[in-house]
Amino acid sequence: AQKITQTQPGMFVQEKEAVTLDCTYDTSDQSYGLFWYKQPSSGEMIFLIYQGSYDEQNATEGRYSLNFQKARKSANLVISASQLGDSAMYFCAMRERTGGGADGLTFGKGTHLIIQP
Amino acid sequence: SAVISQKPSRDICQRGTSLTIQCQVDSQVTMMFWYRQQPGQSLTLIATANQGSEATYESGFVIDKFPISRPNLTFSTLTVSNMSPEDSSIYLCSVEPWTSGRSSYNEQFFGPGTRLTVL
């Protein structure tokens, strides 16, 4: 089974509208972290936001917020007031802490977001 | 955050040869990771590069094909050995920066990537 599922391969959104990118995850760990990254056409991976499994409040970073629903294992990214520069691939990722040490990230397949003027 | 550089930024290589990719960080970090992104795909973790010990490889990746070095807390290399066209990918290193004297669990930053084409 996939650990990270992003069900929207592509999305078209009008500029200035809010966008919700879906992400569900699968883990049996109690301690884990959820990340969102943006990858523009240039290829760089830009860290956007992080949510820890024990964080009681949803994470926010500027126009980005993470709608964390732990019982549903959902960690959707919300972008408010979208801009043309938001057009990019967006990846949801999870870190599970196993063996007492930190592990790398498991990524979803990504959502290609296109903002239209 | 951490400033991460990779060399080379891109390369075109012949089948059967090897390429070593360098990852340099501007500050000491405990954890460094290597990922592969095949064309049009997501990122897959290759291995965790630990300073002072052997790298830890993920399922499907072996040391003979992807040897890794981590000589100090700011530098690592990944070698792609005996390359075939299937190795054509972007290879990215990432780091977990130090915050307040310990590794930061809630951040992981990526280098710009090395775009490899194997003919």
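Residues numbered from 1 in each chain as written. Chains lettered and ligands numbered in written order. Predicted model: local features only at pLDDT ≥ 70, side-chain atom pairs only at ≥ 80, totals over all residues. Heavy atoms only, no water.

1. Some thoughts on the overall build of chain A
- Across its full length, chain A holds zero helices and twelve strands.
- Shown N-terminal to C-terminal, the secondary structure of chain A runs as helices and strands in the order β-β-β-β-β-β-β-β-β-β-β-β.
- In terms of C-alpha radius of gyration, chain A reaches 14 Å, essentially the compact-globule figure of 13 Å for 117 residues.
- Burial status across chain A gives 47% buried among its 117 residues.
- The long-range share in chain A, meaning contacts at least 24 apart out of those at least 6 apart in sequence, stands at 55%.
- Accessible surface, chain A as shown: approximately 5600 Å² in total, 47% of it carbon and sulfur.
- The distance from the centre of the 10 positive side-chain charges to the centre of the 12 negative ones in chain A is 2 Å. (Helix = DSSP H or I, 4+ residues; strand = E, 2+ residues; numbered from the N terminus. Rg over C-alpha atoms; globule rule 2.2 N^0.38 Å. Buried < 20%, exposed > 50% of the residue type's maximum accessible area, 1.4 Å probe, protein only. Contact = heavy atoms within 4.5 Å. Areas by Shrake-Rupley, 256 points an atom, 1.4 Å probe, with all protein chains shown as cover. Lys, Arg positive; Asp, Glu negative; His and termini not counted. Charge placed at Lys NZ, Arg CZ, Asp CG, Glu CD.)

2. Remarks on the layout of surface pockets
- Size it by volume and the largest pocket reaches roughly 470 Å³.
- The wall of the largest pocket is formed by 22 residues, among which L105 and T106 of chain A together with T44, L45 and E58 of chain B lie closest to the centre.
- Those elements giving two or more residues to the lining of the largest pocket turn out to be β10 (88-96) and β11 (106-107) of chain A together with β5 (43-50) of chain B.
- With five residues, the single largest contributor to the lining of the largest pocket is β5 of chain B.
- In this structure, the second largest pocket spans a volume of roughly 290 Å³.
- If you go around the second largest pocket, you meet 19 residues; those closest to its centre are Q37, P39, G40, I90 and R115 of chain B.
- The element that contributes the greatest number of residues to the lining of the second largest pocket is strand β13 (residues 114-118) of chain B, accounting for three residues. (1 Å grid on protein atoms, 1.4 Å probe; cavity = no way out; pocket = protein on both sides within 12 Å on 5 of 7 lines; lining within 4 Å. Points joined across faces, edges and corners; volume = space filled by probe spheres on them.)

3. Focus: the side chain of S53 of chain A
All names here are of chain A.
- Here S53 is to be found in the loop between β6 (46-52) and β7 (60-61).
- Polar side-chain contacts of S53 include one of 2.9 Å to the backbone oxygen of Q30.
- In contact with S53, other than residues within four places in its own chain, are Q30, S31, Y32, F68 and K70. (Polar contact = N/O pair within 3.5 Å; in protein donor to acceptor, adjacent residues only side chain to side chain.)

4. As for the state of the cysteines
- Summed over the entire model, instances satisfying the criterion amount to two disulfides over all chains.
- Paired through a disulfide, C23 of chain A and C92 of chain A show a sulfur-sulfur distance of 2.0 Å. On the sign convention where negative is left-handed, the bridge of C23 of chain A and C92 of chain A, at about -60 degrees about the S-S bond, is left-handed. With C23 of chain A in the loop between β3 (19-21) and β4 (24-25) and C92 of chain A in strand β10, this residue pair connects regions lying 69 residues apart in the sequence.
- For C23 of chain A, a relative accessible area of 1% gives the class buried.
- C23 of chain B shares a disulfide with C93 of chain B; S-S distance 2.0 Å. Of note, the bridge from C23 of chain B to C93 of chain B carries an S-S torsion of about 70 degrees and is right-handed in sense. With C23 of chain B in strand β3 (residues 19-25) and C93 of chain B in strand β9 (residues 89-96), the pair connects residues that are 70 residues apart, well separated along the chain. (Disulfide = S-S within 2.5 Å.)

5. Here we look at the pairing of strand β4 (residues 31-37) of chain B
Residues and elements named next belong to chain B.
- Within β4, seven of the seven residues are buried, which leaves it mostly tucked inside the rest of the structure.
- Because side chains alternate across β4, one face comprises the buried residues M31, F33, Y35 and Q37, and the other comprises M32, W34 and R36, equally buried.
- Where β4 folds back onto β5 in an antiparallel hairpin, the turn is made up of five residues, including G40, whose phi is positive at roughly 70 degrees.
- Relative to β9, β4 is paired through seven bridges, and the arrangement is antiparallel. Residue M31 lies in a different strand from β9, and its bridge partner there is E96. (Pairing = 2+ DSSP bridges.)

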